[in-house]
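An overview of the molecular structure
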Amino acid sequence: MKKLSALFLLLSINLFAQNLSNPIPIDKTIKKGVLPNGLTYYIKSTDVVKNAASYYIIQNVGSILENDDQQGLAHFLEHMAFNGTENFEGKGILNTFQEKGLVFGRDINAYTGFDETVYNIDNVPTTPELIDKGLLVLHDWCNYLLLTDEEIDAERGVIKEEWRTRQNGQMRLFQTSLPITFNHSKYANRLPIGLMSIVENFEYKALRDFYHDWYRTDLQAIAIVGDIDVNVIEAKIKKLFSKIPAVENPRERFIVEIPENKDMLYSLGMDKEISTAMINFGIRHKKSLKDQTVEDLQNALLESMVTNMLSARISEVAQKPDAHFLGANLRYASLARANNVFSIRISPKLGEQQEAFSEVLTEVYRAVKFGFTPSEINRTIKKFSNHYETQIAKKDDQKHGTLINIIKDNYLNNKTIADIEKEYEIAKQLFAKFSPEDLHNTIKRLYTKNNRFLNVTGVEGQNNLTEEQAHKIINAVENNPNLTPYTEAFEGKTLISGLNIKEGSIVNTEKNEALKSTTYTLSNGIKVHYKFANKQKNTVAFNAISHGGYSLIKDEDLPSANLVGNLISMSGLGEFSATELPKILAGKSASMSPSIGETTENLKGSSTTKDVETMLQLAHLYFAKPRFDEQAFQVMQGGINNFLIKRSKDIGEQMKDSITTTLYGNSNPRKRIFNQDFVNEISFNKIKSVYLDRFANPADFEFFIVGDVKAELLEPLLSKYIASLPTTTDNETFKDVSQPWASNNVDEDIYLPMEDPKTNVNIAFKIANDYTVKNSYVTKALGAIMQLRLTETLREEEGGVYSPRAQAFLTKEPKVLSYLSVNFDCNPDLAEKLIDIVHNELSKIATGNIKQEDLDKTLTSYKKSREQSKSNNGYDMALLTTFYRDGYNMNNPKNFEDVINNISSKDIQVLAKKLQNNGKSFEIVFKPNNNL
């Protein structure tokens, strides 16, 4: 009988080996079709957000298709998609959907890449009217953009400001690296933003011709994902979209392949605004666009396992104080339509570029030469299997965006929309037959001699890694006779090894019928608020909150307190170092992290249902046995020093520091900038003492657990891991240590040297208020209305700003304040005019000149967001924390519907007037130093 079983197994393996050419099973819950005109459509029914659907158009068109004199037109068309179509003139698309509660930038957006362009409208209520409107927008995007002269001219300035906002040292160096990364192919000169000389001057016909040539049905797919009837939507698509004519004699949609190179390509880039080095080493590979088979899945799993194991090894090295690099990122991913890249991004320590490159490359080549250990492979298979199992458990809860990414990959890259359960069955068979040789051969396949490139971000005055040095280092590493295999000895341990847990008990159970929740009082005095919620299957959230935070920390300890989270995460936990902890947690989906805020300290975590016990073990350890590793502190100091150098020339960091010192002075002990004096006061012992003080008494925390875990499973775990924690009767609250601004009305222009001149505007108002639900929404609504007004005036009318940001909120602690802020980058020549417009818009609101449509859009948005948030477990967590921390029931209509329905223009006007006339304010404007 045993011989027969062995023979059957052998035949099964051979049979499976012969089926590597089989296709990957398809997920049939996503309906795919192609109309006679070539348009592809995808439809997926999911109620992950109830009564809502998302609408996407995925265009197999990007900046790579532009001619030299068209650079920027693909991206320009993205903007024009929201500036007039056959059925939605002018701002018709935005107005139509904003009136239904959607927000531009959040729910309505688009992007342009090298090889694709995607426009979307997300989370649209599924009323019959809006389903038809959503489809009609997609219809118009396919073929019916108006592209009027007036709208084109109005958008030129907006795109120029988008370019200006994004221009900085990193972007300039990125542009320097493109010819090397893409081997001087067309990609090197096709950044989607384009050339401003073309954007500002192209003829109208050029844009219309580009649209006609490329934005056509045979290069377009539409996707509708949401709480919809697939058959009904398909019928509507066929009726509406079949009428769109196919383009006759269409231009060939060519694919740019990056040329091969035998010798390594090299670039060294430096910039006045960049003060730390970076090394990017890559090896390009050709990508298949053929239909995927089981063999492709096998290769993808092997490649992912290899990069996962290598990343873990490199992370281990980085956690040693004598490492020459601060961190390194290794991956195998898509580079372009026809190419993947095996890439290593290294952040070297100051003055150690050569050593860092050698050190990281040595770890890569160690794997190339010797392969991987059985324990590494087994652990990685555990992790991957757990990932599959988690995805399967949550397959009906995939977010719209996740589903759209799967659809995009299918349309653009011919990647199979896989049936995850059937794919896992195949993957399990593959895992079972993977050998160390398979993994070894995979890394050898990725680490080729050809198609290499190296981009070095250098720093003036430093010993930057040269091309000659790089070649010598590569040669030395690849011919090192003393290189030895990787070894590890780490088996048979558990997360709570060496821990003596004295189990407690639940002494009281109290039901809250209104919230459908339970409060457990434990034998050590801890209270745990629990609610079962399975809107997201297989997901559990944990939160423990206590009052105190930075407000109870002495001034001299604040620098150390700011780094508590960093040291804790780098130290590991309990018996295990940061290197060992991931090995212990392999195959588990549980996480936990502590943090300290201004007035609270938190312990937040999450897990799958099967790993709730692991999550609670982590919580226990962060209270009972946190780990403080002095070696980790040494490593952290290297990162701190590098960050200090990095931010020294960074314009954004200089602006942050200037705002702090302008508002609070140069020597405010509680509002300090991150400089050498600040760093000098950070100490290991202070970090340790701050953490132990803030997390000393678990009974001073309120615990919240919400998710897909039944009470009968949770209760014994609470008794074991939470009721066993040592506690005291001490209770804390926060102190008000908030710092006043330098004056009630700060007005300051600050001049900074800039390579690419721009003005950065920062305006804010604040005033004391009462903490009520209504005041919270009135304040928030003021910010939303300002956002609508400034988008219309600063961006659309003036073309002077790409992305004005206005927001307002009500703070509860340490003081109750209504706060309004406005920020934007702009053309220095227009700055004063645009600032005047901001103040003028606030004055209009303060005098009652409020568009009812703006208020309606805002309040409708709050209703829509609230209703859609109820499809998420996070709503239930907010329900519990709001009830027990803020003292009101979110579900009670008087705390939402009644409030929103009764907010009037007068409420907004009164707050705006108070802020403008009686509030404290600042206007801090950064301008380019003309003497640069």
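Up top is the structure these notes are about.
Scope of this entry: the structure provided in the associated data block. It should be emphasised that the depicted structure is a prediction, and the values quoted were computed from it without experimental measurement.

Rules behind the numbers
- Residues numbered from 1 in each chain as written.
- Predicted model: local features only at pLDDT ≥ 70, side-chain atom pairs only at ≥ 80, totals over all residues.
- Heavy atoms only, no water.
- Helix = DSSP H or I, 4+ residues; strand = E, 2+ residues; numbered from the N terminus.
- Rg over C-alpha atoms; globule rule 2.2 N^0.38 Å.
- Areas by Shrake-Rupley, 256 points an atom, 1.4 Å probe, with all protein chains shown as cover.
- Lys, Arg positive; Asp, Glu negative; His and termini not counted.
- Charge placed at Lys NZ, Arg CZ, Asp CG, Glu CD.
- Phe/Tyr/Trp six-rings, centres within 6.5 Å; stacked < 30°, edge-to-face > 60°.
- Buried < 20%, exposed > 50% of the residue type's maximum accessible area, 1.4 Å probe, protein only.
- Lys NZ or Arg CZ within 6 Å of the ring centre and 35° of its normal.
- Salt bridge = Lys/Arg side-chain N within 4 Å of Asp/Glu carboxyl O.
- Core = buried A, V, L, I, M, F, W, Y, C linked by side-chain atoms within 4.5 Å.
- Contact = heavy atoms within 4.5 Å.
- Pairing = 2+ DSSP bridges.
- Expected span 1.5 Å × (residues − 1).
- Axes fitted to C-alpha atoms, helices over the stretch in contact; angles between N-to-C directions.
- Polar contact = N/O pair within 3.5 Å; in protein donor to acceptor, adjacent residues only side chain to side chain.
- Parallel < 35°, antiparallel > 145°, perpendicular 65-115°, else oblique.
- Left-handed = near helix turned anticlockwise from the far one by under 90°.
- Nonpolar A, V, L, I, M, F, W, Y, C, P; charged D, E, K, R; others polar.

Here we take up the overall build of the protein. Looking only at helices and strands, the protein has 31 helices and 23 strands in total. At 29 Å, the protein has a C-alpha radius of gyration in line with the 30 Å of a compact globule built from 932 residues. With respect to the three principal axes, the spread of C-alpha positions in the protein is 90 × 80 × 65 Å. Entry remark: accessible area of the protein is about 40400 Å², with carbon and sulfur atoms responsible for 49%. Taking the 109 positively charged and 119 negatively charged side chains of the protein as two groups, their mean positions are separated by 4 Å.

The next thing to look at is the packing of aromatic side chains. Applying the stated criterion across every chain, the model contains 31 aromatic pairs. Each ring, one from Phe-114 and one from Phe-182, has its centre 5.7 Å from the other, and the planes form 65°; the classification is edge-to-face. A residue pair is termed long-range when its members are at least 10 positions apart, and Phe-114 in the loop between strand S4 (108-112) and strand S5 (117-125) and Phe-182 in the loop between helix H6 (169-181) and helix H7 (196-199) qualify at 68 residues. For the pair Phe-114 and Phe-182, one class covers both residues: buried. Ring geometry for Phe-628 and Tyr-691: centres 5.7 Å apart, planes at 70°, overall edge-to-face. Pair noted here: Phe-628 is in the loop between helix H20 (612-624) and helix H21 (630-648) and Tyr-691 is in helix H24 (residues 684-694), with a separation of 63 residues, a long-range link. Assigned by exposure class, Phe-628 and Tyr-691 land together as buried. In textbook terms, an aromatic cluster arises when at least three aromatic residues are bridged by ring pairs, as seen for Phe-542, Phe-623, Phe-628, Tyr-691, Phe-695, Phe-701 and Phe-703. Residue placement shows Lys-428 over the ring face of Tyr-424; its charged tip is 4.7 Å from the ring centre. Across the ring face of Tyr-664, the terminal group of Lys-671 is positioned such that the distance to the ring centre comes to 5.2 Å.

Under the criterion given, the structure shown has 67 salt bridges. Two residues, Arg-216 and Asp-218, come together in a salt bridge whose shortest N-O distance is 2.7 Å. Residue Arg-216 is classed as buried on the basis of its relative accessible area, which comes to 3%. For the salt bridge of Arg-672 with Glu-681, the shortest nitrogen-to-oxygen distance reads 3.0 Å. Judged by its relative accessible area of 30%, Glu-681 falls in the partly exposed class.

We now examine the nonpolar core. Counting 73 residues, the largest nonpolar core has Trp-141, Ile-222, Ile-237 and Phe-241 as the members making the most contacts within it. With residues near it in sequence (within four places) discarded, Ile-237 still touches Leu-35, Tyr-41, Ile-43, Leu-135, Ile-222, Ile-224 and Ser-242. Ile-526, Leu-603, Val-690 and Tyr-721 belong to the second-largest nonpolar core, a separate cluster that totals 62 residues.

Most of strand S23 (residues 920-928) sits out of view: eight of its nine residues are buried. As paired strands, strand S20 (residues 759-768) and S23 are joined by seven bridges and run antiparallel to one another. Within S23, the residue paired with Phe-765 across the bridge is Ser-921.

With 18 residues, helix H11 (residues 353-370) should reach 26 Å at 1.5 Å per residue; the first-to-last C-alpha distance of 26 Å fits that figure. Among the 18 residues of H11, 14 are classified as buried, and the element is accordingly described as predominantly covered. Phi turns positive, to about 85°, at Gly-371, one or two residues after H11.

This part takes up the sheet that holds strand S14 (residues 527-532). Sheet architecture is open: seven strands sit in the order S12-S13-S14-S18-S15-S17-S16, paired in mixed fashion. Both outer strands of the open sheet, strand S12 (506-512) and strand S16 (590-596), are each paired with one neighbouring strand and no more. Averaged over all adjacent pairs, the angle separating strand axes in this sheet is 15°, with direction ignored. In terms of strand pairing, S12 meets strand S13 (residues 517-522) through six bridges, oriented antiparallel. For Glu-510, the partnering residue across the bridge sits in S13 and is Thr-519.

Spatially, six strands are ordered S1-S2-S6-S3-S5-S4 in an open sheet, and the strand pairing comes out mixed. The outermost strands of the open sheet, each flanked by one partner alone, are strand S1 (30-34) and S4. Between one strand axis and the next, the sheet turns by 15° as a mean value, whatever way the strands run. Pairing geometry for strand S3 (residues 52-59) and strand S6 (residues 220-226), over seven bridges, is antiparallel. From the neighbouring strand, Ile-58 faces S6, where its bridge partner is Ala-221.

Attention shifts here to the environment of Met-278. Note that Met-278 resides in strand S8 (residues 278-286). Its relative accessible area of 16% is what places Met-278 among the buried residues. Taking the C-alpha atoms as reference points, Met-278 and Val-456, 178 residues apart in sequence, are found 5.9 Å from one another. Each residue touching Met-278, except ones within four places of it in the same chain, is listed here: Arg-345, Ile-346, Ser-347, Pro-348, Asn-455, Val-456 and Thr-457.

The subject of this paragraph is the environment of Ile-279. Looking at where Ile-279 falls in the secondary structure, it is placed in strand S8. In this structure Ile-279 comes out as buried when scored by relative accessible area, which is 0%. Separated by 175 residues in sequence, Ile-279 and Leu-454 place their C-alpha atoms 7.3 Å apart.

Following the sequence through the fold, Arg-337 ends up in the loop between strand S9 (325-336) and strand S10 (339-348). Nearest to the buried, unbridged Arg-337 among oppositely charged side chains is Asp-115, at 4.6 Å. One polar contact links Arg-337 to Asn-60, side chain to side chain, over a distance of 2.9 Å. A polar contact is formed between the side chain of Arg-337 and the backbone oxygen of Asp-115, at a distance of 3.0 Å.

Take the side chain of Lys-160 next. Here Lys-160 is to be found in helix H5 (residues 149-166). Here Glu-200 takes part through its side chain, which lies 3.2 Å from a polar atom of the side chain of Lys-160. Residues in contact with Lys-160, not counting those within four places in the same chain, are Met-196 and Glu-200.

On to the packing of H20 against helix H25 (residues 711-722), then. Interaxial distance between H20 and H25 falls to 9 Å at its minimum, and their mutual angle equals 20°. Judged by the angle between their axes, H20 and H25 are roughly parallel. When the axes of H20 and H25 are compared, the crossing they make is right-handed. In this structure, H20 uses Val-612, Glu-613, Leu-616, Gln-617, Ala-619 and His-620 to contact H25, whose residues at the interface are Leu-714, Leu-717, Leu-718, Lys-720, Tyr-721 and Ile-722. Here the contact of H20 with H25 is composed, by residue class, of eight nonpolar, two polar and two charged.

For the bond running from Glu-813 to Pro-814, omega is -5°, close enough to zero to count as cis. Within the chain, Asn-414 stands out as a residue other than glycine whose phi angle is a positive 60°. Structurally, Asn-414 is set in the loop between helix H13 (400-413) and helix H14 (420-433). If you check the backbone angles, Asn-538 has positive phi at about 65° while not being a glycine. Note that Asn-538 resides in the loop between S14 and strand S15 (540-547).

Here the focus is the pairing of S13. Counting buried residues in S13 gives six out of six residues, a clear majority hidden from the surface. Burial along S13 is two-sided: the residues Ser-517, Thr-519 and Thr-521 and Thr-518, Tyr-520 and Leu-522 are all buried. Counting the residues in the hairpin turn of S12 and S13 gives four residues, including Lys-516, whose phi is positive at 55°. Counting the residues that bridge the hairpin from S13 to S14 gives four residues, and of these Gly-525 lies at a positive phi of roughly 95°.

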